[in-house]
Amino acid sequence: MKHQYPWPDQARLALSIVVNVEEGSEYSIRDGDAGMEPVDELQVHLKKPIRNYGNESNYQYGLNEGASRIIALLDKYRIRATWTAAALSLERAPSLAEAIRRREDETCSHGYRWVHQFRMNEDEERAFIRQAVSSIEKTTGKRPLGWLSRYLLTDNTRRLLQEEGFLYHMDDYSADAPFWARVEGSNRPMVIVPYALDSNDMKMWVAPSYTPEQWLKYAKDSFDVLYAEGAEQPRMMSLGLHLRIIGRPGRIWALEEFFRYVTAKPGVWFASREQIARHFQAEVPPAELKENPAWG
């Protein structure tokens, strides 16, 4: 069911810039994990329990170099971002946490570490969520109100998030606007602010032949369609970024070109996901639930 409601100031499109912070909290023998981090630009992943120093340094690049480039562009174009951060990453990169605080951006929890929570039982997952909340509140000065899992979640995730006071959940790719969803084991619905993988810069890691030029064209094309549709119905675009990916010298130009393109368009609301969730919550009664077979 599609709802009709206005964005603030009659904007045509809500644009959500999502900067993922995973560096420093990925799988590593150093942190007691059974194996190395499998996500690697060169896709080098051994099952043998040894440290992958090369890939660890690839992630460290995101903190050493990529973060400052992305922040500089966000500042230059005066764009508000949501930082989906694994809490341990911010503990290990206090200068980045301070930059998020300075910009008054939102931090959405990406777990305590960038690990798979689907392996956790209910008590372990609840503790994982609480640990992330406590950590992010300490490093940024504000508790997170949104959650993004490392792709896989459990049947308990949404109920646990609801019980722990979260406003919205991101683990959904089914729509181009927020919606209310039923929560298994709860009699209250939850706001879902869906994410997008197709426009995510991670594509340039998982598909090495995918160039910045192709990524930029896809991002612009996505924006153009959603911007046009926004004249008739509420539309939101998510653009997912990673410090270690788009923050490279040969890719950062594409992000600037995208920012230059969209900031020249009238009627674009550059919003945090918390702002989007709160606005939707205020405009649409929670009784109007989207039918979603995946969530009963």
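> Run through the overall build of the protein, naming residues and quoting values.
For the protein, the helix and strand inventory stands at nine helices and nine strands. The C-alpha atoms of the protein give 19 Å as radius of gyration, which agrees with the globular expectation for 296 residues (19 Å, within 12%). For the protein, the proportion of its 296 residues judged to be buried stands at 57%. Taking the contacts inside the protein whose residues are at least 6 apart along the sequence as the reference set, 73% of them involve residues at least 24 apart. Here the protein has roughly 12,900 Å² of accessible surface; of this, 51% comes from carbon and sulfur atoms. Taking the average location of the 38 positive side-chain charges in the protein and that of its 42 negative ones, the two points are 2 Å from each other.

> Tell me about empty space enclosed by the protein, residues and numbers included.
As enumerated under the stated definition, the model contains one cavity of 30 Å³ or more in all. Of the volumes computed, that of the largest cavity is approximately 60 Å³. Together, Glu 26, Tyr 27, Ser 28, Ile 29, Met 36, Glu 37, Ile 50, Arg 51, Asn 52, Asn 55 and Glu 56 line the largest cavity. When the residues that make up the lining of the largest cavity are grouped by side-chain class, the tally is four nonpolar, three polar and four charged.

> Which residues make up the nonpolar core, and what values go with them?
Counting 49 residues, the largest nonpolar core has Ile 17, Trp 83, Leu 96, Trp 215, Leu 255 and Phe 258 as the members making the most contacts within it. For this core, the element with the most residues is helix H1 (residues 53–76), which contributes seven residues. When near neighbours in sequence (up to four residues on either side) are disregarded, Leu 96 contacts Val 21, Leu 63, Ala 67, Ile 71, Trp 83, Leu 90 and Leu 243. With 23 residues, the next largest nonpolar core counts Leu 145, Trp 180, Tyr 195 and Phe 280 among its residues.

> Before we move on, could you go through helix H3 (residues 94–103) and cite the residues and values that matter?
Because each turn of an α-helix spans 3.6 residues, side chains separated by three or four positions end up pointing in the same direction. Taken residue by residue, H3 has Leu 96, Ala 97, Ala 99, Ile 100 and Arg 103 as its buried positions. In a view along the axis of H3, the buried residues occupy a sector of 155 degrees, so they form one face of it. Those residues of H3 that are exposed and aimed more than 90 degrees away from the buried face are Pro 94 and Ser 95. On its buried side, H3 packs onto strand E1 (13–21), H1, strand E2 (81–85), helix H2 (87–92), strand E3 (106–109) and helix H4 (122–140). Count one or two residues on from H3 and you reach Glu 104, which has phi positive near 60 degrees.

> Can you tell me about the confidence of the model for the protein, naming the residues and giving the values?
In this model, the protein carries an average pLDDT of 95, and 96% of its residues clear a pLDDT of 70 or more. Confidence over residues 292–296 falls short of pLDDT 50; this stretch has eight contacts with residues more than four positions distant or in other chains.

> I'd like a description of unusual backbone geometry, backed by residues and values.
Generally, phi is negative for residues other than glycine and the peptide bonds are trans, each holding for most cases. For Gln 10, which is not a glycine, the phi torsion comes out positive at approximately 60 degrees. Tracing the chain through its elements places Gln 10 in the segment before E1. One non-glycine residue, Tyr 151, lies in positive phi territory at about 65 degrees. Structurally, Tyr 151 is set in the loop between strand E4 (146–147) and helix H5 (157–163).

> A description of the environment of Gln 275 should follow, citing residues and the corresponding values.
Relative to the helices and strands, Gln 275 is located in helix H9 (residues 273–283). The class for Gln 275 is partly exposed, based on a relative accessible area of 27%. Spatially, the C-alpha atoms of Gln 275 and Ser 16 are 9.8 Å apart, while their sequence positions differ by 259 residues. Beyond its immediate sequence surroundings of up to four residues, Gln 275 is in contact with Arg 80, Trp 269 and Phe 270. Reaching out from Gln 275, the side chain makes a polar contact with the backbone nitrogen of Ser 272 at a distance of 2.8 Å.

> Let's hear about the packing of aromatic side chains: which residues, and what values?
Inspection of every chain in the model, using the stated rule, returns 14 aromatic pairs. Plain terms: the ring middles of Tyr 151 and Tyr 173 are 6.0 Å apart, the flat faces sit at 35 degrees to each other, and that makes the pair tilted. Residue Tyr 151 is located in the loop between E4 and H5, and its partner Tyr 173 is located in the loop between strand E5 (168–169) and strand E6 (179–181); the two are separated by 22 residues in the primary sequence. Judged by its relative accessible area of 34%, Tyr 173 falls in the partly exposed class.

Rules of the game
- Residues numbered from 1 in each chain as written.
- Predicted model: local features only at pLDDT ≥ 70, side-chain atom pairs only at ≥ 80, totals over all residues.
- Heavy atoms only, no water.
- Helix = DSSP H or I, 4+ residues; strand = E, 2+ residues; numbered from the N terminus.
- Rg over C-alpha atoms; globule rule 2.2 N^0.38 Å.
- Buried < 20%, exposed > 50% of the residue type's maximum accessible area, 1.4 Å probe, protein only.
- Contact = heavy atoms within 4.5 Å.
- Areas by Shrake-Rupley, 256 points an atom, 1.4 Å probe, with all protein chains shown as cover.
- Lys, Arg positive; Asp, Glu negative; His and termini not counted.
- Charge placed at Lys NZ, Arg CZ, Asp CG, Glu CD.
- 1 Å grid on protein atoms, 1.4 Å probe; cavity = no way out; pocket = protein on both sides within 12 Å on 5 of 7 lines; lining within 4 Å.
- Points joined across faces, edges and corners; volume = space filled by probe spheres on them.
- Nonpolar A, V, L, I, M, F, W, Y, C, P; charged D, E, K, R; others polar.
- Core = buried A, V, L, I, M, F, W, Y, C linked by side-chain atoms within 4.5 Å.
- Arc of directions from axis to C-beta.
- pLDDT = per-residue confidence, 0-100.
- Polar contact = N/O pair within 3.5 Å; in protein donor to acceptor, adjacent residues only side chain to side chain.
- Phe/Tyr/Trp six-rings, centres within 6.5 Å; stacked < 30°, edge-to-face > 60°.

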